Amino acid sequence: MNSVPDTLEEFISQEYQHGFETLIDADEIPRGLSEDTVRLISARKNEPDFLLQWRLDAFRRWLKMTPPTWSNVHYPPIDYQDIIYYSAPRSQKDGHKSLEEVDPELLKTYEKLGIPLHERAILAGVAVDAVFDSVSVATTFKDKLAEVGIIFCSFSEAVQHHPDLVRQYLGTVVPVQDNFYAALNSAVFSDGSFVYIPPGVRCPMELSTYFRINAKNTGQFERTLIIADQGASVSYLEGCTAPMRDENQLHAAVVELVALDDAKIKYSTVQNWYPGDKEGRGGIYNFVTKRGDCRGARSHISWTQVETGSAITWKYPSVVLRGEESVGEFYSVALTNHRQQADTGTKMIHIGKNTRSTIVSKGISAGYGQQAYRGLVRVARSAIGARNHTQCDSLLLGDRCQAHTYPYIEVKNNSATVEHEASTSRIGEDQLFFCRQRGIDTEDAVSMIVNGFCKEVFKELPMEFAVEAQKLLGVSLEGSVG
Amino acid sequence: MLSIDNLQASVADKPILRGISLEIKAGEVHAIMGPNGSGKSTLSNVLAGRENVRVTGGKVTYRGKDLLAMEVEERAREGVFLAFQYPVEIPGVGNVYLLKAALNAQRKHRGLPELDAMDFLALVKDKMKLMEMNESMLYRAVNEGFSGGEKKRNEILQMAVLEPHLSILDETDSGLDIDALKIVANGVNSLRSPERSMILVTHYQRLLDYIQPDFVHVLAGGRIVRSGGPELAHELEREGYAWIGDAQSQTVAAQ
């Protein structure tokens with residue numbers, strides 16, 4: 001029985017599949033960060049003055065801030081002067097007009113990643129915005145969406161063509177001084193996606209952004225802003241990959257969601273940044289601030305995330321439940337294998353009456369993986385009749401990994417119902433033995449058990465993503481079991 | 001079918017099986033009885049290939065092959081089936097999904113085409129009738145929220161679907177009420193055939209009222225201390241296992 005692994009130990013190790021590099025001429029600014037860097041980025045993007053001032057304000061605040069140390073992740077201090085803050089494929093310098101103008105090398109890159117940007121080749125019903133290093137290289141189905149009044153474009157384009165919307169909403173969910181990485185992002189963000197769904201419109205297709213870090217020594221600082229106006233609804237997907245490199249790369253994104261009265265936003269992420277090698281060399285530092293604001297009554301924001309990549313993940317997609325009867329949801333699967341570390345969870349801030357939130361978190365640790373669920377449920381005095389249900393399960397594979405759960409619950413009124421359930425289990429040698437005794441090999445058995453464990457979250461994902469996520473878990477776990 | 005020759009095995013460095021020899025021919029049903037701690041479950045586990053049991057001596061030949069050299073899943077695919085004393089729960093994994101994966105892994109091993117969903121469902125529904133199981137159980141997670149009786153019936157359903165050559169039933173009767181016991185026995189009996197052998201591991205004679213064994217062996221202190229026909233089970237039922245203490249000390253004295 002040579003190649004077939006028998007135990008969890010042997011099972012947990014396949015190579016990262018998206019680790020290739022695209023050789024393309026890039027327009028980069030010099031390494032380092034100063035007020036001049038911020039001005040330079042803003043100038044490259046031909047931004048209006050209000051945005052430059054906003055960036056500079058963020059930068060000045062950032063200078064006075066320190067990185068958070070409360071999370072359960074460990075890494076050497078980052079030298080912020082050693083990062084390139086802007087890198088764009090040279091051919092893209094002037095922004096993209098149509099797919100025909102996109103550099104064929106870039107199209108090939110996305111093709112290789114399984115994200116064809118030719119509209120006719122795209123899975124029916126998914127519009128894609130492709131972000132390569134610092135800029136958006138293509139957005140598909142833009143015209144079709146415009147027919148119903150939907151704006152789906154790169155952030156840079158939104159700044160040029162819809163500055164009023166940007167000005168009205170930017171930074172209203174995640175203020176520039178929110179935290180160290182959000183402030184950094186606000187100062188130097190280069191691109192990202194922008195979505196506006198007008199009142200009463202249900203977005204006719206899934207919108208998605210595919211983020212790719214390519215250039216060396218570059219940080220990716222993208223900014224996504226999604227606004228669902230009254231009665232609008234949209235489902236948005238996000239995917240991420242990066243080449244394999246020995247040094248760590250920083251990804252500090254900010255995502256802001258705004259849902260007005262009766263609006264619904266569903267945001268799904270499959271995060272597969274390069275996780276580093278088995279010894280923990282290289283990999284992406286994924287330090288991300290994601291927050292949704294249920295600003296209107298009966299609005300609904302749902303986060304679903306499958307986090308399998310990155311060397312370190314620090315991420316708490318949250319919902320502020322301001323509108324009466326608004327609903328917030330967080331469904332998460334996070335996997336850490338080898339030397340990966342993740343400190344992830346959510347915040348549900350109940351402010352409006354009869355607001356409801358649901359948290360389902362599934363953490364899987366293998367190898368020397370370190371994982372923490374950190375979640376805050378806060379019920380304000382005003383949130384009469386608020387309800388929360390939290391379910392937080394950890395699955396351990398092997399005996400060298402760790403799982404921690406840090407639930408914070410703050411309730412300021414006695415009409416609220418807050419429930420928290422947590423469990424930790426080891427992938428049973430019993431379960432594994434049972435499956436093998438029925439003739440199923442270890443690899444298939446582990447993948448079956450893990451997928452079963454994650455089922456409640458996977459069913460929240462759009463179909464194609466759910467399939468993708470299941471495969472990803474299988475791959476990420478290979479060579480993990482003990 | 002199965003030939004066990006002076007098998008010795010330890011769990012956590014504690015010797016449990018101290019030299020077991022047993023010959024099982026095709027079509028035979030052997031009952032292994034004995035008091036708690038006699039090594040009955042260890043014997044089942046060592047035949048199925050559980051890793052926490054360390055074989056320290058002896059050999060086991062199964063259909064002409066060295067059973068102990070085979071991996072767990074290989075034994076299963078070659079037709080060795082263990083009905084577990086405590087069937088595990090696998091949350092989120094549908095019963096039907098597990099069964100299909102298992103059957104197709106075994107069919108693939110035997111060079112048979114994999115069954116598609118339609119053919120598989122027809123097969124499994126047929127077997128469920130035999131086990132008097134509700135079809136809804138197919139779509140529930142493996143053993144999750146099943147009663148003790150349902151879990152045991154589910155084990156026998158798997159056995160009926162996989163059609164093994166050698167079935168080892170480890171205390172399948174424990175925790176069953178009389179109605180469930182009859183259904184389980186009925187399922188097991190329907191699988192008896194001249195090509196198939198079974199080992200029934202049990203503490204009580206009760207199961208043997210419904211599944212008539214060809215041979216009964218009494219295991220004590222890691223050895224087979226007596227073998228006989230079905231009548232031996234009745235004798236045990238009448239007299240209990242107390243006499244074994246004497247028999248054992250005599251064996252030890254004789255050595």
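Now for a description of the structure that goes with this document. (Residues numbered from 1 in each chain as written. Chains lettered and ligands numbered in written order. Predicted model: local features only at pLDDT ≥ 70, side-chain atom pairs only at ≥ 80, totals over all residues. Heavy atoms only, no water.)

## Description of the overall build of chain A
As a reminder, the rule being used: Put simply, DSSP H or I for four residues or longer makes a helix, DSSP E for two residues or longer makes a strand, and each gets a number counted from the N terminus. Type-normalised accessible area, obtained with a 1.4 Å probe on protein chains alone, sets the label of each residue: buried when under 20%, exposed when over 50%, and partly exposed for intermediate values. Per-residue and other accessible areas were derived by the Shrake-Rupley procedure at a 1.4 Å probe size, with only the shown protein chains allowed to occlude residues.
When helices and strands are tallied, chain A shows 11 helices and 23 strands. A burial count over chain A gives 65% of its 482 residues as buried. Here chain A displays about 17700 Å² of accessible surface, and carbon together with sulfur accounts for 48% of that area.

## A look at the overall build of chain B
Basically, it comes down to this: In this setup the radius of gyration rests on C-alpha atoms only. A globule is expected at 2.2 Å times the number of residues raised to 0.38. The contact criterion used is simple: two residues touch if any of their non-hydrogen atoms lie within 4.5 Å. Working convention for charge: Lys and Arg count positive, Asp and Glu count negative, and His plus the chain ends are omitted. Working definition for charges: the position is that of NZ of Lys, CZ of Arg, CG of Asp or CD of Glu.
Of regular secondary structure, chain B possesses 9 helices and 12 strands. Against the 2.2 N^0.38 benchmark of 18 Å for 255 residues, chain B shows a C-alpha radius of gyration of 18 Å, consistent with a compact globule. C-alpha atoms of chain B, sized along the principal axes, occupy 60 × 40 × 35 Å. Evaluated residue by residue, chain B yields a buried proportion of 53% over its 255 residues. When contacts within chain B are restricted to residue pairs at least 6 apart in sequence, those whose partners lie at least 24 apart make up 69%. Accessible area for chain B stands at about 10900 Å²; split by element, carbon and sulfur atoms hold 49% of it. Across chain B, the mean location of the 29 positive side-chain charges is 2 Å away from that of the 34 negative side-chain charges.

## A look at the interface of chain B and chain A
Let me state the cut-off plainly: By buried area we mean the combined loss of accessible area, with a 1.4 Å probe, across both parts when two parts are placed together. Basic side-chain nitrogens of Lys or Arg form a salt bridge, by our definition, when they fall within 4 Å of a carboxyl oxygen of Asp or Glu. Two N or O atoms count as a polar contact when they lie within 3.5 Å, although within protein this holds only if one can serve as hydrogen donor and the other as acceptor, and sequence-adjacent residues are included solely when both atoms are side-chain atoms.
Contact residues are listed per partner, giving 32 residues for chain B and 20 residues for chain A. Around 2300 Å² of area is buried between chain B and chain A when both sides are counted, 62% of it from carbon and sulfur atoms. At the junction of chain B and chain A, the tally comes to 5 salt bridges. Ionic pairing is found between Arg436(A) and Glu71(B), a salt bridge with its closest N-O pair at 3.2 Å. Inspection of the region where chain B meets chain A yields 13 residue pairs in polar contact (both at pLDDT 80 or more).

## Topic: empty space enclosed by the protein
Residues and elements named next belong to chain A. Here is the rule: Points on a 1 Å grid, built from protein atoms alone, make a cavity when a 1.4 Å probe fits but cannot get out and make a pocket when they are open with protein on both sides within 12 Å along at least 5 of 7 lines; residues with an atom within 4 Å of a point are the lining residues. Grid points are joined across faces, edges and corners, and a volume is the space filled by probe spheres set on the points. The residue classification treats Ala, Val, Leu, Ile, Met, Phe, Trp, Tyr, Cys and Pro as nonpolar and Asp, Glu, Lys and Arg as charged. All others, Gly included, are polar.
Space inside the largest cavity adds up to approximately 90 Å³. Lining the largest cavity are 15 residues; nearest its centre among them are Ser 361, Gly 363, Gln 371, Ala 372 and Tyr 373. Among the elements of the structure, β17 (327–336), β18 (341–350), β19 (356–365), β20 (370–379), β21 (387–396) and β22 (402–411) are those that each provide at least two residues to the lining of the largest cavity. For the lining of the largest cavity, the residue count by class is 5 nonpolar, 8 polar and 2 charged. Reported here for the second largest cavity is a volume of approximately 50 Å³. Residue lining of the second largest cavity: 13 residues in total, with Glu 238, His 251, Asn 286, Val 288 and Lys 290 positioned closest to the centre. Secondary-structure elements contributing two or more residues to the lining of the second largest cavity are β9 (233–241), β12 (264–271) and β13 (283–294). The element that contributes the greatest number of residues to the lining of the second largest cavity is β13, accounting for 3 residues. Taken together, the residues of the lining of the second largest cavity break down into 4 nonpolar, 4 polar and 5 charged.

## Re helix α3 (residues 95–109) of chain B
Operational definition: An expected span of 1.5 Å times one less than the residue number is assigned to each helix.
Between its first and last C-alpha atoms α3(B) spans 21 Å; for 15 residues at 1.5 Å apiece the expected length is 21 Å, and the two agree. Of the residues trailing α3(B), Gly111(B) is marked for its positive phi of about 75°.

## Concerning the environment of Tyr97(B)
Residue and element names in this part refer to chain B. Relative to the elements of secondary structure, Tyr 97 occurs in helix α3. By relative accessible area, which is 53% here, Tyr 97 ends up exposed. Remark: the alpha-carbon pair of Tyr 97 and Lys 129, spanning 32 residues in sequence, is separated by 19 Å.

## Side note on the pattern of salt bridges
For the coordinates displayed, the defined rule picks out 29 salt bridges over all chains. When the shortest N-O distance is used, the salt bridge between Asp82(A) and Arg31(A) registers 2.6 Å. One end of the pair, Asp82(A), is in the loop between α3 (49–63) and β2 (87–89); the other, Arg31(A), is in the loop between β1 (26–28) and α2 (35–44), and 51 residues separate them in sequence. Residue class for Arg31(A) comes out partly exposed when judged on its relative accessible area of 43%. Measuring nitrogen to oxygen at the nearest pair gives 3.0 Å for the salt bridge that ties Arg436(A) to Glu51(B). Of the two residues, Arg436(A) is situated in helix α9 (residues 429–437) and Glu51(B) in the loop between α1 (40–48) and β4 (53–62); the pairing between them involves two chains. Through salt bridges with shared partners, one network takes in Arg436(A), Glu51(B), Glu71(B) and Glu73(B).

The analysis is restricted to geometry; functional conclusions fall outside its scope.
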